[in-house]
Amino acid sequence: DAGVTQSPTHLIKTRGQHVTLRCSPISGHKSVSWYQQVLGQGPQFIFQYYEKEERGRGNFPDRFSARQFPNYSSELNVNALLLGDSALYLCASSFRQGASDTQYFGPGTRLTVL
Amino acid sequence: QKEVEQDPGPLSVPEGAIVSLNCTYSNSAFQYFMWYRQYSRKGPELLMYTYSSGNKEDGRFTAQVDKSSKYISLFIRDSQPSDSATYLCAMSGGGSYIPTFGRGTSLIVHP
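From a predicted model like this one, the values you see are computed outputs, not experimental measurements. (Residues numbered from 1 in each chain as written. Chains lettered and ligands numbered in written order. Predicted model: local features only at pLDDT ≥ 70, side-chain atom pairs only at ≥ 80, totals over all residues. Heavy atoms only, no water.)

Engineer: A description of the overall build of chain A should follow, citing residues and the corresponding values.
Structural biologist: Assigned secondary structure in chain A consists of zero helices and 11 strands. Mapped in sequence order, the helices and strands of chain A form the string β-β-β-β-β-β-β-β-β-β-β. The C-alpha atoms of chain A give a radius of gyration of 13 Å, which matches the 13 Å a tight globule of 114 residues would have. In chain A, which comprises 114 residues, the share counted as buried stands at 54%. As displayed, chain A has an accessible area near 5300 Å², and 51% of this comes from carbon and sulfur atoms. If you average the places of the 11 positive and of the 8 negative side-chain charges in chain A, the two averages end up 5 Å apart. (Helix = DSSP H or I, 4+ residues; strand = E, 2+ residues; numbered from the N terminus. Rg over C-alpha atoms; globule rule 2.2 N^0.38 Å. Buried < 20%, exposed > 50% of the residue type's maximum accessible area, 1.4 Å probe, protein only. Areas by Shrake-Rupley, 256 points an atom, 1.4 Å probe, with all protein chains shown as cover. Lys, Arg positive; Asp, Glu negative; His and termini not counted. Charge placed at Lys NZ, Arg CZ, Asp CG, Glu CD.)

Engineer: Could you give me a rundown of the state of the cysteines, with the residues and numbers involved?
Structural biologist: All names here are of chain A. Using the criterion set out here, one finds two disulfides over all chains in the structure. Here cysteine 23 engages in a disulfide with cysteine 91; their sulfurs sit 1.8 Å apart. A torsion of -60 degrees about the S-S bond marks the disulfide between cysteine 23 and cysteine 91 as left-handed. Taken together, the positions of cysteine 23 in strand β3 (residues 19-24) and cysteine 91 in strand β9 (residues 87-94) put the pair 68 residues apart, joining distant regions of the chain. For the pair cysteine 23 and cysteine 91, one class covers both residues: buried. (Disulfide = S-S within 2.5 Å.)

Engineer: Pulling in residues and values, what's your account of the interface of chain B and chain A?
Structural biologist: Between chain B and chain A, the contact holds 20 residues from the first and 23 residues from the second. In total, chain B and chain A occlude about 1700 Å² of area from one another, counting both sides; carbon and sulfur atoms represent 56% of this. Linking chain B with chain A are zero salt bridges. In this structure, the connection of chain B to chain A is made through four residue pairs in polar contact (both at pLDDT 80 or more). Sorting the residues of the side of chain B that touches chain A by element identifies β4 (32-38), β5 (45-51), β9 (85-93) and β10 (96-101) of chain B as the ones contributing at least two each. In terms of residues, the side of chain B that touches chain A owes the most to one element, β10(B), which gives five residues. By residue class, the composition of the side of chain B that touches chain A is 10 nonpolar, six polar and four charged. (Contact = heavy atoms within 4.5 Å. Buried area = accessible area lost by both parts, 1.4 Å probe. Salt bridge = Lys/Arg side-chain N within 4 Å of Asp/Glu carboxyl O. Polar contact = N/O pair within 3.5 Å; in protein donor to acceptor, adjacent residues only side chain to side chain. Nonpolar A, V, L, I, M, F, W, Y, C, P; charged D, E, K, R; others polar.)

Engineer: Residue-level account of the packing of aromatic side chains, with values.
Structural biologist: One pass over the full model with this rule turns up 12 aromatic pairs over all chains. Relative to Phe64(A), the ring of Phe60(A) lies with its centre 5.2 Å away and its plane at 65 degrees, an arrangement referred to as edge-to-face. Each member of the pair, Phe60(A) as well as Phe64(A), carries the same accessibility label: buried. Centroid distance Tyr32(B) to Tyr51(B): 5.0 Å. Interplanar angle 40 degrees. Geometry classified as tilted. Of this pair, Tyr32(B) sits in strand β4 while Tyr51(B) is found in strand β5, placing the two residues 19 residues apart along the sequence. Aromatic rings pair up to connect Tyr35(A), Phe45(A), Phe105(A), Tyr36(B) and Phe101(B) into one cluster. (Phe/Tyr/Trp six-rings, centres within 6.5 Å; stacked < 30°, edge-to-face > 60°.)

Function cannot be read off these values alone, since they describe shape.
Set out below in structure tokens:
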């Protein structure tokens, strides 16, 4: 059974540009979460979507947005990129959105902003 | 003070050693405790999942939770060079289903 998949693997952008990252959850999982992981730090929560609705938002500016599609895949969009947005962006899926529902991570998209 | 504290290391041990990795936390409402392993430039992989206090064993790995001390541990027996990775603790509960992660401990197991 396929795990969480993310695309692209790597991405290089310049300041001020826009980026879209994509995630496909494990089959049967209805919840998708997005995290930002800066080098040397743990993942920081950005968004959670469950059944196509936003169910949680972390402490990130409005330049970050996301959505979930009817097939439960998800997109993370970041506008007006800053140098500080350079990080590994992780997508995690879980069956539901509860605290007891463990999250399974994808390989991540490494974003470099120049 | 961060909600979850984890020593970044690196922790360097010889092959075959018993490794002890630890996290402390401040939120007494946490009930779900997880350990993830992350290889360089890869996504975290779930290793252990524990609810409330107690021990859980899976092969060479043992997870311990001491809620009274707000302290969790991961023990790795007979460590192998392939165990070299960053180990992240994470926890959730108390009305929040979003896990809070530690910064990770870098483990190096040398032959």
